[in-house]
Amino acid sequence: MEFDENRDLLESAKVISVLTGGEKDDDATVSIRFNGRCFNIQLSPNFFQNSPATTTLYLRYLQALHPFGPGEFEGAHETDVYKWIIALFAPLFAQLAPEPLPSFDPEKIRSGVARPLLSEYLFPETFGCKLEAVDDVLIPRHVDDRGGLVSPRTWLDADLLDIMEDWLCFIDPSEIEVWFQVPEHALDTIPRRVRVDLDGAGHMTTCFFKEFGLDFGDCPMSREIEAYAKIHEANFGPDVRVGRLHGVAYDESDGTTLGLLLAYIDHRTTLDYAMKDITPLAMKQKWARQIEDTLKELHRVGVIWGDAKAGNVIIDEENNVVIVDFEGGYTHGWVDAEKAGTVEGDLQGLQNIMAFLFPQNPDGISGGVNPRRQACKT
């Protein structure tokens, strides 16, 4: 396959993760998916010899890449940096991955010949690359066929795993089918909608796959699982508008959990984008009542929402709310740092959600935040 330089490079190659050294150093690793393979590209000023202009440009671009930054620095946006990297490495992409792998081929997926598996996304064929420069001449290099990064996985505590075995399904990622509404997305999108045989009887259930980063023990994944365990034990009825956990993607070879298999919710959007000036008052009142009643029930059984905000409220196809995301953390402007992970923090988030729904509330609820601004989740 000859790489078409006239195509939009961001459509041909997709940035799937960015790791930076933060305050420790000026290094970064950008992972890019192309034709079903993963390219882990190492970036560092240490790779630039006698290249002051390249070093200056790179350090400027690095500021735009920081995960918790604004996504822009001195006019350079993170998407500009992605395009710069992809354009530099496009010839290597075409050389090392000239055609899509069969499981990633949109035409084969569309015809039903190919059924991509979650394992193929989590453990793809991977190439390690680095960007060098000599006298300000940029030199993209392929350095190995390993990539140097560990696939995202979590080592959960043995006690928690024992509890999980009583009520959750443990499914190997090679047994989880990936489903794309648009087959072309198979080439660049991280799978979220998957199909799983939960009961071993051949009946495939659609789930939402939630991936986590590399972690150990008491971590966001374990907190979310513990919350869903309490939700499961409570045996809530349909009026408690909260997601459900069916199982986990589990790699038995090394005892690691790769992500959660949540009940799939057919939804339109999230509350922060569902809210419009023309949204009927009765609809807003319905959403407010459902959120308040659900949060009350969660607190009754000892579940803390944590990152309480409009962005973690799904609006389903029937215009009902569903509260999601129990991994902890908080978002500035919705919950104060010192209140994060507490009932008080949840109630503060609830108050801000109500202020967002009813900015002119006659009872005086005010001070809602703009959820579309660049917020930092800690």
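What you are looking at is a predicted structure, and each value in this text was computed from that prediction instead of being measured.

Draft legend 1. Here's a closer look at the overall build of the protein. Tallying secondary structure elements over the protein gives 10 helices and 19 strands in all. Total accessible area on the protein stands at roughly 18,800 Å², and carbon and sulfur atoms take up 48% of it.

Draft legend 2. Inspection of a negative patch on the surface at higher detail. A surface patch of negative charge is lined by Asp157, Asp159, Asp162, Glu165, Asp166 and Glu226. Ranked by residue count, the leading element in the negative patch is helix H6 (residues 158-165), at 3 residues. With respect to the helices and strands, Glu165 occurs in helix H6.

Draft legend 3. Quick look at H6. When H6 is considered as a whole, its buried residues turn out to be Leu160, Leu161 and Met164. The arc that holds the buried residues of H6, viewed along the axis, is 100°, so those residues lie on one side. Residues Ala158, Asp159 and Glu165 are exposed on H6 and point more than 90 degrees away from its buried face. For H6, the elements touching its buried residues are strand E10 (169-171), helix H7 (220-234), strand E15 (245-251) and strand E16 (256-263).

Draft legend 4. Just the nonpolar core, in detail. By size, the foremost hydrophobic cluster in this structure holds 48 residues, and its most contacted members are Ile225, Leu271, Leu298, Phe326 and Leu357. Per element, the largest residue contribution to this core is 6 residues, and it comes from H7. Once you skip the residues sitting within four places of it in the chain, Phe326 turns out to touch Arg223, Glu224, Ala227, Tyr228, Ile231, Val242, Leu298, Val303, Ile304 and Trp305. Of all hydrophobic cores here, the second largest spans 31 residues; its members include Ala13, Phe48, Tyr82 and Leu96.

Draft legend 5. Expanded view of the environment of Ala94. With respect to the helices, strands and loops of the structure, Ala94 is situated in helix H3 (residues 78-96). The spatial distance from the C-alpha of Ala94 to the C-alpha of Asn35 is 9.0 Å, given a sequence separation of 59 residues.

Draft legend 6. Representation of the sheet that holds strand E19 (residues 321-323). The 3 strands lie next to each other as E17-E18-E19, forming an open sheet whose pairing is antiparallel. In the strand order of this sheet, the two ends are held by strand E17 (267-270) and E19, each with one partner. Between one strand axis and the next, the sheet turns by 30° as a mean value, whatever way the strands run. Relative to strand E18 (residues 313-316), E17 is paired through 3 bridges, and the arrangement is antiparallel.

Draft legend 7. Region of interest: the layout of surface pockets. Empty space within the second largest pocket amounts to approximately 330 Å³. Considering the residues around the second largest pocket, the lining is formed by 16 residues, among which Phe208, Leu262, Ile265, Ile314 and Val324 are closest to the centre. If you list the elements that add at least two residues to the lining of the second largest pocket, you get strand E13 (204-211), H7, E16 and E17.

Draft legend 8. Structural context of the packing of helix H9 (residues 281-300) against helix H10 (residues 343-357). Two numbers describe how H9 lies on H10: the axes approach to 10 Å, and their chain directions differ by 175°. Classed by the angle they form, the pair H9 and H10 counts as roughly antiparallel. Where H9 abuts H10, its residues Lys284, Trp287, Ala288, Ile291, Glu292, Leu295 and His299 lie against Val343, Asp346, Leu347, Leu350, Ile353, Met354 and Leu357. For the contact of H9 with H10, the per-class residue count stands at 10 nonpolar, 1 polar and 3 charged.

Draft legend 9. Here's a closer look at the packing of aromatic side chains. Under the counting rule described, the total for this entry stands at 11 aromatic pairs. Where Phe48 meets Tyr58, the ring centres are 5.7 Å apart and the plane angle is 80°; that geometry is what we call edge-to-face. Taken together, the residues span a long stretch of sequence, with Phe48 in strand E4 (residues 48-49) and Tyr58 in helix H2 (residues 52-65) at a distance of 10 residues. For Tyr58, a relative accessible area of 1% puts it in the buried group. The structure contains a cluster of three or more aromatic residues connected by ring pairs, namely Phe34, Phe39, Phe89, Phe93 and Phe127. Seen from the ring of Trp179, Arg193 lies directly overhead, with NZ or CZ sitting 4.3 Å from the centre.

Definitions and cut-offs
Residues numbered from 1 in each chain as written. Predicted model: local features only at pLDDT ≥ 70, side-chain atom pairs only at ≥ 80, totals over all residues. Heavy atoms only, no water. Helix = DSSP H or I, 4+ residues; strand = E, 2+ residues; numbered from the N terminus. Areas by Shrake-Rupley, 256 points an atom, 1.4 Å probe, with all protein chains shown as cover. Patch = residues over 30% accessible without salt bridge, like charges linked within 9 Å, V, L, I, M, F, W, Y side chains within 5 Å. Salt bridge = Lys/Arg side-chain N within 4 Å of Asp/Glu carboxyl O. Lys, Arg positive; Asp, Glu negative; His and termini not counted. Charge placed at Lys NZ, Arg CZ, Asp CG, Glu CD. Buried < 20%, exposed > 50% of the residue type's maximum accessible area, 1.4 Å probe, protein only. Arc of directions from axis to C-beta. Contact = heavy atoms within 4.5 Å. Core = buried A, V, L, I, M, F, W, Y, C linked by side-chain atoms within 4.5 Å. Pairing = 2+ DSSP bridges. Axes fitted to C-alpha atoms, helices over the stretch in contact; angles between N-to-C directions. 1 Å grid on protein atoms, 1.4 Å probe; cavity = no way out; pocket = protein on both sides within 12 Å on 5 of 7 lines; lining within 4 Å. Points joined across faces, edges and corners; volume = space filled by probe spheres on them. Parallel < 35°, antiparallel > 145°, perpendicular 65-115°, else oblique. Nonpolar A, V, L, I, M, F, W, Y, C, P; charged D, E, K, R; others polar. Phe/Tyr/Trp six-rings, centres within 6.5 Å; stacked < 30°, edge-to-face > 60°. Lys NZ or Arg CZ within 6 Å of the ring centre and 35° of its normal.

Read these as spatial facts, not as claims about activity.
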